[in-house]
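Residue strings, one per chain:
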Amino acid sequence: MTPTQDGPNAPQVSPGSTIPPEELDRMTDDIIAALKTVYDPEIPSDIYELGLIYRVDIDDDRNVVIDMTLTAPGCPVAGEMPGWVENAVASVQGVQSVKVNMVFDPPWDQSRMSDEARVALDMW
């Protein structure tokens, strides 16, 4: 299933779910909306638009696994941000559990940012 929002920062969502397509679409949209409420405190853009979310998997039991990264491995909120993401996504209706994996491969770069993030950061 492809998220209804796409672009260079769109997360991959696993195909082949037994969740009804309408519910999976709603959950995907709601998860993306929840991710957009989490901001890197040093950057005035949300983590989704920055392209920090690499993968979102929703299994048939509605457990969510998210692979995310940081703009830099030494980010001062590295220890806190996964909890922020977990709390935001756990609030989505239908989500049973959330696990956030911090990954650094591939390394994040500015090409993953959406146009919205580029405008917010004046990076044209």
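Relevant structure appears above.
Residues numbered from 1 in each chain as written. Predicted model: local features only at pLDDT ≥ 70, side-chain atom pairs only at ≥ 80, totals over all residues. Heavy atoms only, no water.

*Asks:* Can you walk me through the overall build of the protein in this structure?
*Replies:* The helix and strand tally for the protein stands at three helices and four strands. Starting at the N terminus and walking to the C terminus, you meet the elements of the protein as β-α-β-β-α-β-α. Burial status across the protein gives 42% buried among its 124 residues. Sequence separation of at least 24 residues holds for 67% of the intrachain contacts in the protein that already meet a minimum separation of 6. (Helix = DSSP H or I, 4+ residues; strand = E, 2+ residues; numbered from the N terminus. Buried < 20%, exposed > 50% of the residue type's maximum accessible area, 1.4 Å probe, protein only. Contact = heavy atoms within 4.5 Å.)

*Asks:* Would you mind showing me how to read helix α1 (residues 21-35) here?
*Replies:* Residues lying three or four places apart along an α-helix face the same way, a consequence of the helix completing one turn every 3.6 residues. When the terminal C-alpha atoms of α1 are compared, their 21 Å separation across 15 residues agrees well with the 21 Å that a helix rising 1.5 Å per residue should span. Those residues of α1 not exposed but buried are Leu24, Met27, Thr28, Ile31, Ile32, Ala34 and Leu35. Burial along α1 is one-sided: seen end-on, the buried residues are contained in an arc of 160°. (Expected span 1.5 Å × (residues − 1). Arc of directions from axis to C-beta.)

*Asks:* Hey, could you run me through the environment of Glu116 in this one?
*Replies:* Relative to the helices and strands, Glu116 is located in helix α3 (residues 115-120). For Glu116, a relative accessible area of 47% translates into the label partly exposed. Glu116 sits 67 residues away from Glu49 along the chain, and the two C-alpha atoms are 6.7 Å apart.

*Asks:* Sorry if this is basic, but what is going on with the nonpolar core here?
*Replies:* Soluble globular proteins: nonpolar side chains tend toward being buried together. Ile31, Leu35, Ile47, Ile66, Met68 and Val85 are the most contacted members of the largest nonpolar core, which has 34 residues in total. Of all elements in the fold, only α1, β2 (53-58), β3 (63-68), α2 (81-90) and β4 (97-102) reach the threshold of two or more residues within this core. By residue number, the principal contributor to this core is α1, which donates six residues. Ignoring any residue separated from it by four or fewer positions in sequence, one finds Ile66 in contact with Leu35, Ile53, Arg55, Val56, Val85, Val89, Val98, Lys99, Val100 and Asn101. (Core = buried A, V, L, I, M, F, W, Y, C linked by side-chain atoms within 4.5 Å.)

*Asks:* Explain unusual backbone geometry here, please?
*Replies:* The step from Asp105 to Pro106 runs through a cis peptide bond, and the omega angle for that step is 5°. In this structure, Pro106 sits in the loop between β4 and α3. Of note in this structure, Arg62 is not a glycine but carries a positive phi near 70°. Mapping Arg62 onto the fold places it in the loop between β2 and β3.

*Asks:* Even after reading the chapter, I still don't get the pairing of β3, so can you show me in this structure?
*Replies:* Looking down a regular strand, the side chains alternate between one sheet face and the other. Pairing of β2 with β3 involves five bridges; the strand directions are antiparallel. By the bridge assignment, Val56 is partnered in β3 with Ile66. Here β2 folds back onto β3 in antiparallel fashion, the turn holding four residues, of which Arg62 has a positive phi close to 70°. Pairing of β3 with β4, which is carried by six bridges, proceeds in the parallel orientation. Residue pairing across strands places Asp67 opposite Asn101, the latter belonging to β4. In this fold, β3 hands off to α2, which returns the chain to β4; that crossover is right-handed. (Pairing = 2+ DSSP bridges. Right-handed = clockwise from strand over helix to strand, strands pointing away.)

*Asks:* Please clarify how the pattern of salt bridges should be interpreted in this entry.
*Replies:* Side chains that carry opposite charge are capable of pairing whenever their charged atoms lie near each other. Counted by the stated rule, this structure contains five salt bridges. Note that Arg26 and Asp30 form a salt bridge whose closest N and O atoms lie 2.9 Å from each other. Placement of both Arg26 and Asp30 in helix α1 is noted, with a separation of four residues, approximately one turn of the helix. Residue classification places Asp30 among the partly exposed positions, given a relative accessible area of 30%. In this structure, Asp57 engages Arg55 in a salt bridge whose closest nitrogen and oxygen atoms are separated by 1.8 Å. One connected set of salt bridges, linked through shared partners, spans Arg55, Asp57 and Asp67. (Salt bridge = Lys/Arg side-chain N within 4 Å of Asp/Glu carboxyl O.)

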